[in-house]
Amino acid sequence: MEIRALEISEANSYIKKVLSNDPILYNLKVRGEISNFKINSSGHVYLTLKDETSKMKCVIFKGNYDKSLQLEDGMKIVANGYISVYERDGAYQLYIRKVEKDGVGNLHIEFERLKKKLNREGLFDPRFKKKIPYMPKSIGVVTSQTGAVIRDIINVVRRRFPKVNVYLYPVAVQGANSADEIVKGIEFFNKMQNVDTMIVGRGGGSLEELWSFNEEKVARAIFASDIPIISAVGHEVDYTICDFVSDMRAPTPSAAAEIAVPDLNEVLYRLDNCKSQLKNNMSAVIERDRNKADNTFNSICTIVKNDVIKSGKNNLELISNKLTRGIESKIEKEKYQLENNFSEICSIVKNEVIKEGKNNLKVISNRIENSISNKIDIEKYRLDTASMNMVNSMEQIMSSKKENMRNTGALLHSLSPLATIDRGYCMVQKEGKTVNSTEDINVGESLSIMMSDGNADCTVNSIEKK
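(A) A look at the layout of surface pockets. As a volume, the largest pocket reaches approximately 780 Å³. As for the largest pocket, its lining consists of 29 residues, of which Met135, Lys163, Glu431, Glu445 and Ser446 are closest to the centre. Put simply, the parts of the chain that give the lining of the largest pocket at least two residues each are α9 (264–348), β11 (427–430), β13 (446–451) and β14 (454–459). In terms of residue count, the dominant contributor to the lining of the largest pocket is α9 (eight residues). Here the residues of the lining of the largest pocket sort into 13 nonpolar, eight polar and eight charged. Size it by volume and the second largest pocket reaches roughly 570 Å³.

Below, the structure written as structure tokens:
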């Protein structure tokens with residue numbers, strides 16, 4: 001009798017029936033250590049139970065999962081359930097109905113011991129965390145050269161900030177010598193000093209597979225690094241000693257790359273905003289200073305004009321009063337002298353001499369009147385001359401003050417940044433700051449040049465120092 005060839009689905013279905021009908025496998029109790037523990041979005045739990053030599057895939061359906069047990073990798077449990085086949089994949093699994101804790105695995109105990117030890121020594125202290133550079137020129141990556149981690153990091157960096165260089169130090173991320181290789185990679189970049197930030201990590205895995213990143217030597221190498229390190233080990237639910245001692249933890253390698261470099265589009269957008277804000281602020285400052293200078297000039301002119309006029313008027317009044325008093329005093333003296341002379345003449349002149357004396361007196365009187373009239377004219381001329389000189393002096397002072405104010409205004413305008421730009425000069429800026437020296441720029445960097453009629457963005461191709 002020839003045996004008919006079974007379809008794969010038929011074979012898997014038959015194996016499932018055989019396993020389901022086995023009384024031992026249908027009510028099986030096993031003891032093992034949890035690894036690869038994961039809660040699916042559906043609420044079902046997937047994990048692997050292992051001992052020193054073997055592993056078994058297990059499933060806990062949502063209705064059978066007791067959250068109060070707080071299951072995690074490294075925990076030892078006793079699981080009760082049944083063996084069955086997942087027909088689509090042809091893989092057998094233990095479908096767990098009930099779980100009891102059976103102690104904590106050795107790796108988990110060692111993890112907690114080392115974690116407490118390093119924490120007491122201060123290796124996790126935030127004071128020692130170094131700041132991750134915002135815009136690094138290059139990034140060093142310590143990971144496997146064949147895994148998806150390095151590809152994910154390169155893809156993210158190229159997408160977000162393609163100008164950053166990525167250097168790989170290839171290492172084994174699990175196995176006997178992997179911890180030593182990771183330490184050498186960290187020490188290599190610190191010796192070369194050719195990167196600004198380091199990413200140390202690998203993809204997800206069980207506690208054993210991630211154990212290289214729980215080694216004490218790796219933790220101390222990270223702590224001793226002068227270069228800031230981002231830890232990117234496993235998935236978001238995976239935690240290692242490397243995560244606690246590094247300067248920053250990323251939930252995934254891709255997230256580490258996003259932390260390490262900024263988004264170029266966002267940087268350019270912020271630069272444009274800063275540029276516009278700076279331009280507006282400069283215009284406002286220049287306009288404010290121009291108005292301030294105009295107001296100051298007008299105030300000075302008003303003050304000088306009022307002071308000069310007031311001072312000149314007061315001086316003119318003083319001179320006029322002094323001249324008037326001098327003339328009046330001189331007239332009084334001449335009058336007094338005339339009266340005295342007249343009295344003497346009258347007492348001396350007798351009968352015959354009276355007529356001649358009167359004539360002489362008349363002549364003398366006319367002479368005196370002419371002398372006084374001449375003196376008055378002279379004093380009036382001197383007064384007019386002094387007044388004219390005073391007016392000319394006031395006009396010269398006002399002209400000098402106006403010239404000084406015009407020179408001051410011209411000087412203020414010449415000191416304006418826009419006046420300098422109008423004369424053909426340019427203002428060079430980088431990241432919103434004015435560039436004053438070739439020491440402030442590097443080849444490949446983007447610069448902004450402000451000219452009198454607009455702005456221009458350029459890239460530095462070479463630098464020639466004087």
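Additional details are given in the paragraphs that follow.
(B) Region of the structure containing the nonpolar core. Ile182, Ile186 and Val200 are the most contacted members of the largest nonpolar core, which totals 30 residues. Among the secondary structure elements, those contributing two or more residues to this core are α3 (106–121), α5 (178–192), β8 (197–202), α6 (216–224), β9 (229–233) and α7 (241–245). Looking at this core, the element that brings in the most residues is α5, giving five residues. Apart from the residues within four sequence positions on either side, Ile182 is in contact with Val142, Val171, Ala172, Val200, Ser212, Phe213 and Val218.

(C) Region of the structure containing the sheet that holds β11. Within the open sheet, the four strands sit side by side as β12-β11-β13-β14. Their pairing is antiparallel. Strand pairing shows two members of the sheet lacking a second neighbour, β12 (433–434) and β14, which therefore form its edges.

(D) Layout of the environment of Ile39. Along the chain, Ile39 turns up in strand β1 (residues 28–39). Given the relative accessible area of 47%, Ile39 is considered partly exposed. Considered as a pair, Ile39 and Thr459 are 420 residues apart in the sequence and their alpha carbons are 50 Å apart. If we skip the residues at most four places from it in the chain, Ile39 touches His44, Val45 and Tyr65.

(E) The arrangement of the packing of α5 against α6 in detail. Closest axis-to-axis distance for the α5/α6 pair is 9 Å, and the angle between their directions is 10°. The angle between α5 and α6 places the two elements in the roughly parallel class. Across the interface between the two elements, Ala179, Asp180, Ile182, Val183 and Ile186 from α5 touch Lys217, Val218, Ala221 and Ile222 from α6. Class assignment of the residues belonging to the contact of α5 with α6 gives a composition of seven nonpolar, no polar and two charged.

(F) Highlighting the sheet that holds strand β7 (residues 165–170). Strand order in the open sheet made by the five strands is β7-β6-β8-β9-β10, with parallel pairing throughout. Of all the strands in the sheet, just β7 and β10 (248–249) have a single pairing partner and so form its edges. Pairing geometry for β8 and β9, over five bridges, is parallel. When the sheet's bridge partners are listed, Met198 is paired in β9 with Ile229. Contacts from helix α4 (residues 148–160) reach β6 (138–143), β7 and β8, with the element oriented near 165° to β6. Along the sheet, α5 makes contact with β6, β7, β8 and β9, crossing β7 at roughly 140°.

(G) Summary view of the pattern of salt bridges. With the rule as written, the count across this model stands at 20 salt bridges. The salt bridge partner of Asp457 is Lys275, with a shortest N-O separation of 3.9 Å. Pair noted here: Asp457 is in strand β14 and Lys275 is in helix α9, with a separation of 182 residues, a long-range link. On the basis of relative accessibility, which here comes to 25%, the residue Lys275 falls in the partly exposed class. Of the charged contacts, one joins Glu403 and Arg406 as a salt bridge, the two residues approaching to 2.8 Å between their closest N and O atoms. With Glu403 and Arg406 both in helix α10 (residues 351–414) and three residues apart, the pair spans about one turn of that helix. Through salt bridges with shared partners, one network takes in Lys117, Glu121, Glu216 and Arg220.

(H) Up close: the packing of α4 against helix α8 (residues 253–260). The geometry of α4 relative to α8 is characterised by a closest axis approach of 8 Å and an angle of 35° between their N-to-C directions. Seen along the crossing, α4 lies across α8 with a hand that is right-handed. Residue-level inspection shows Val149, Asp152, Ile153, Val156, Val157, Arg159 and Arg160 of α4 in contact with α8, the latter providing Pro253, Ser254, Ala257 and Glu258. Taken together, the residues of the contact of α4 with α8 sort by class into six nonpolar, one polar and four charged.

Criteria and cut-off values
Residues numbered from 1 in each chain as written. Predicted model: local features only at pLDDT ≥ 70, side-chain atom pairs only at ≥ 80, totals over all residues. Heavy atoms only, no water. 1 Å grid on protein atoms, 1.4 Å probe; cavity = no way out; pocket = protein on both sides within 12 Å on 5 of 7 lines; lining within 4 Å. Points joined across faces, edges and corners; volume = space filled by probe spheres on them. Helix = DSSP H or I, 4+ residues; strand = E, 2+ residues; numbered from the N terminus. Nonpolar A, V, L, I, M, F, W, Y, C, P; charged D, E, K, R; others polar. Core = buried A, V, L, I, M, F, W, Y, C linked by side-chain atoms within 4.5 Å. Buried < 20%, exposed > 50% of the residue type's maximum accessible area, 1.4 Å probe, protein only. Contact = heavy atoms within 4.5 Å. Pairing = 2+ DSSP bridges. Axes fitted to C-alpha atoms, helices over the stretch in contact; angles between N-to-C directions. Parallel < 35°, antiparallel > 145°, perpendicular 65-115°, else oblique. Salt bridge = Lys/Arg side-chain N within 4 Å of Asp/Glu carboxyl O. Left-handed = near helix turned anticlockwise from the far one by under 90°.

Taken by themselves, the reported measurements are silent on function.
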